[in-house]
Amino acid sequence: MEKPENHAIESETLDHIHHSDESEKQQKQSHNTVPTETPRSDSSKLSLTQLMDAVDDFIKSLSSSTDPLREIPPTVEPFPETVDSLVSKMESSGLGRDETEDSVFILAVNRISKSVTTLRELRLDSTPVSSWLNRASSVQNRAASLLDEEFRHLLDRSRENKKKNNNNNKNGDVSSDSADRCVLQEEETFPDFPQESITTLKKIAGAMISAGYEAECCMSYEMSRRHTFKEELSEVGFEGINVEDVQRIPWESLEGEIANWISIVRRCSTVLFPGELSLCTAVFSDEPATRKRLFTGLVSAVTIRFLDFSGAVVLTKRSSEKLFKFLDMYETLRDLIPAVEDSDSDLIEEIKLAQTRLGEAAVTIFGELENSIKTDQGRTAVPSGAVHPLTRYTMNYLKYACEYKDTLDQVFQTESEPETKRNQREDDEEYKVSAFGRQMIRVMEHLDANLEIKSRLYRDPALRSIFLMNNGRYILQKIKGSTEIRDLMGQAWTRKRSTELRQYHKSYQRETWGKVLQCMNQEGIQVNGKVSKPVLKERFKVFNTMFDEIHKTQSTWIVSDEQMQSELRVSIAALVIPAYRSFFGRYKQHIDSGRHSDKYVKYQPEDIETFIDDLFDGNPPSMARRRT
């Protein structure tokens with residue numbers, strides 16, 4: 001409670017104005033009165049400040065005196081009528097127009113409330129005292145009623161001003177700089193109360209609580225603020241969707257509702273709830289228990305509606321495309337918790353429970369991704385050994401999921417491996433990663449196993465290697481292109497993938513070009529120290545047939561990664577061209593001396609390089625460029 005001396009000069013001025021018309025009359029009456037005891041002073045001459053000081057002394061004397069009070073001191077006797085006149089004045093002018101008058105009025109109401117409370121506690125059996133108490137109680141009730149009305153009026157004024165501003169914006173010219181307006185809206189202050197109004201609200205709340213009208217004060221505050229919140233939520237489009245409807249509407253429509261829900265909850269987290277806490281703390285700064293109860297009641301009423309919606313969404317049928325919306329909602333509720341930390345702990349637990357359910361749903365959906373990979377039983381080989389659609393889908397899904405890696409790591413913490421299994425792997429660098437990282441590795445293991453099975457659909461071992469190279473390269477490039485995935489998987493895993501790619505490459509070379517190189521082997525060409533032309537012709541014919549078949553077949557194969565395609569061609573050229581050039585240079589002369597030499601020597605060394613460049617383009621071969 002503020003001390004009266006803080007406003008002594010101003011209140012004396014008010015008191016002088018208030019009593020100037022009656023001072024002469026009261027002075028005459030006092031001369032005609034014979035006092036029964038020596039009074040401290042004539043009450044009619046006291047200023048309001050002096051009168052309130054006298055009331056303070058009176059209240060103190062009640063606490064210290066051992067003799068029962070029989071009558072009210074003359075200096076205190078007119079106090080109810082004085083306060084009553086202040087109530088009448090405030091009913092005409094209203095609070096919030098003059099800070100000095102407001103303060104004097106509040107101080108007067110505080111004193112009469114303290115007097116009434118103290119006298120009631122004493123339960124005195126005195127007619128004069130009871131009469132004064134009845135008068136004071138009546139004035140107190142009237143003052144409290146006025147305070148309650150002014151309290152509600154000040155609280156509602158902010159909402160009314162906002163409505164006017166919104167109407168002006170709708171009726172006024174639309175500015176072309178709409179983007180700037182949006183920024184201003186996001187940075188708006190809520191609730192929009194001037195500091196003078198907050199100061200007056202605090203004084204009124206303190207006076208009402210001191211007068212024993214805490215319930216009425218809290219009810220007015222709560223009703224006004226709930227109404228304000230209802231209008232705020234309605235303005236941004238949150239009317240609340242029926243929980244049963246969530247189960248029925250298509251996912252595409254529900255996605256829009258979820259996006260709206262996220263936007264509104266985030267606005268509550270960043271603007272509405274912090275603003276409400278600030279207002280509640282300012283108005284009820286001297287009543288922490290009341291402040292917490294009011295803030296809890298308000299945010300609970302709003303938050304429960306949010307949680308009802310999230311609970312309904314969790315119960316919808318699980319599918320992979322819902323994961324990211326579930327994670328968005330999970331993060332939104334996580335960010336809501338700091339905004340309600342000053343509320344009752346039960347509300348925070350409700351939010352955490354709803355958040356946990358969303359996390360469990362996300363874990364389930366991710367687990368279904370694993371199962372879908374393991375159980376994909378496609379029996380049709382992808383043409384030309386290209387990247388399998390399952391590989392593309394899985395890697396793109398994982399790349400998007402990694403944008404939520406911190407959140408997913410949080411939800412997978414409770415799904416960690418059993419202790420015994422984790423201990424077995426504690427020395428394995430691959431598993432020294434986060435909970436979500438281990439989950440990612442498991443998904444990749446399932447994908448690898450599935451691709452290995454699908455590679456067996458190709459009868460040609462070389463095409464099987466190309467298929468594994470294509471998919472392995474695609475996976476590796478996706479990982480290298482995403483810092484999040486690369487950090488999760490770890491360097492050891494990436495090195496292992498690179499090693500596997502090199503093994504597929506070697507396997508392809510061995511299966512495709514091993515026999516080609518064998519036919520250019522010098523063994524068996526010479527018989528009795530001389531070149532056997534029949535054997536040599538057969539060797540050239542075998543080479544031509546094999547190279548024709550490779551060119552015809554592998555030109556239709558696809559290596560979509562340009563770098564890997566180039567590396568393959570370079571490695572083939574480095575392997576085949578030197579061997580063919582040596583064989584060609586050494587034995588071509590033995591064929592040229594006979595008839596139909598071009599029947600056996602179809603390719604010049606330069607032709608080999610040209611046709612190697614046709615491989616893995618995915619196009620039908622053309623032999624037109626062959627040198628004749």
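No experiment lies behind these values; they were computed from the predicted model shown.

A. Molecular detail of the overall build of the protein chain. Per the secondary structure count, the protein chain includes 24 helices and 2 strands. Here the protein chain holds 628 residues, and 45% of them are scored as buried. Partitioning the contacts of the protein chain with sequence separation of at least 6, the portion at a separation of at least 24 is 79%. For the protein chain, the accessible surface area stands at approximately 33100 Å², while carbon and sulfur atoms represent 47% of it.

B. Region of interest: the packing of helix 18 (residues 435–455) against helix 19 (residues 461–480). Helix 19 packs onto helix 18 with a crossing angle of 160 degrees between their chain directions and a minimal axis gap of 9 Å. With respect to their mutual orientation, helix 18 and helix 19 come out roughly antiparallel. Where helix 18 crosses over helix 19, the handedness of that crossing is right-handed. Within the contact between the two elements, helix 18 uses M444, L447, D448, L451, E452, K454 and S455 and helix 19 uses R464, F467, L468, N471 and I475. Among the residues making up the contact of helix 18 with helix 19, the classes are represented as 6 nonpolar, 2 polar and 4 charged.

C. Spatial organisation of unusual backbone geometry. Of note, S384 is a non-glycine position whose phi angle comes to about 65 degrees, a positive value. Position of S384 relative to the elements: it lies in the loop between helix 14 (345–374) and helix 15 (389–401). A positive phi angle is found at F616, which is not glycine, with a value near 70 degrees. As for its position among the elements, F616 is in the segment after helix 24 (605–612). A relative accessible area of 1% means that F616 is categorised as buried.

D. Region of interest: helix 9 (residues 214–235). For helix 9, which comprises 22 residues, the first-to-last C-alpha distance of 31 Å matches the rise-based estimate of 32 Å (1.5 Å per residue) to within 8%. G237 lies just past helix 9 and shows a positive phi near 95 degrees.

E. Spotlight on the packing of aromatic side chains. All told, the structure shown has 23 aromatic pairs when counted by the stated rule. Centroid distance Y603 to F611: 5.8 Å. Interplanar angle 80 degrees. Geometry classified as edge-to-face. The buried category is assigned to F611, whose relative accessible area is 1%.

F. A look at helix 8 (residues 195–210). An ideal rise of 1.5 Å per residue puts 22 Å on 16 residues; helix 8 measures up with 23 Å between its terminal C-alpha atoms. Every buried residue of helix 8 is listed here: S197, I198, T200, L201, K203, I204, A205, A207, M208 and I209. Positive phi appears at G212, one or two residues downstream of helix 8, with a value of about 90 degrees.

G. Region of the structure containing the environment of E99. Positionally, E99 belongs in helix 5 (residues 99–122). Once the C-alpha coordinates of E99 and T199 are considered, the two residues, 100 residues apart in sequence, prove to be 9.2 Å apart.

H. Structural detail: the confidence of the model for the protein chain. Overall, the predicted model of the protein chain reaches an average pLDDT of 82, with 81% of residues at or above 70. Considering each helix and strand of the protein chain separately, the mean pLDDT is smallest for helix 7 (residues 178–186), with a value of 36, and largest for helix 13 (residues 323–336), with 96. Of the regions scoring below 50 in pLDDT, residues 1–41 engages in 35 contacts with residues more than four places distant in sequence or in other chains. Within the model, pLDDT remains below 50 along residues 173–187, and this stretch shows 3 contacts once partners closer than five positions in the same chain are excluded.

The rules we used
Residues numbered from 1 in each chain as written. Predicted model: local features only at pLDDT ≥ 70, side-chain atom pairs only at ≥ 80, totals over all residues. Heavy atoms only, no water. Helix = DSSP H or I, 4+ residues; strand = E, 2+ residues; numbered from the N terminus. Buried < 20%, exposed > 50% of the residue type's maximum accessible area, 1.4 Å probe, protein only. Contact = heavy atoms within 4.5 Å. Areas by Shrake-Rupley, 256 points an atom, 1.4 Å probe, with all protein chains shown as cover. Axes fitted to C-alpha atoms, helices over the stretch in contact; angles between N-to-C directions. Parallel < 35°, antiparallel > 145°, perpendicular 65-115°, else oblique. Left-handed = near helix turned anticlockwise from the far one by under 90°. Nonpolar A, V, L, I, M, F, W, Y, C, P; charged D, E, K, R; others polar. Expected span 1.5 Å × (residues − 1). Phe/Tyr/Trp six-rings, centres within 6.5 Å; stacked < 30°, edge-to-face > 60°. pLDDT = per-residue confidence, 0-100.

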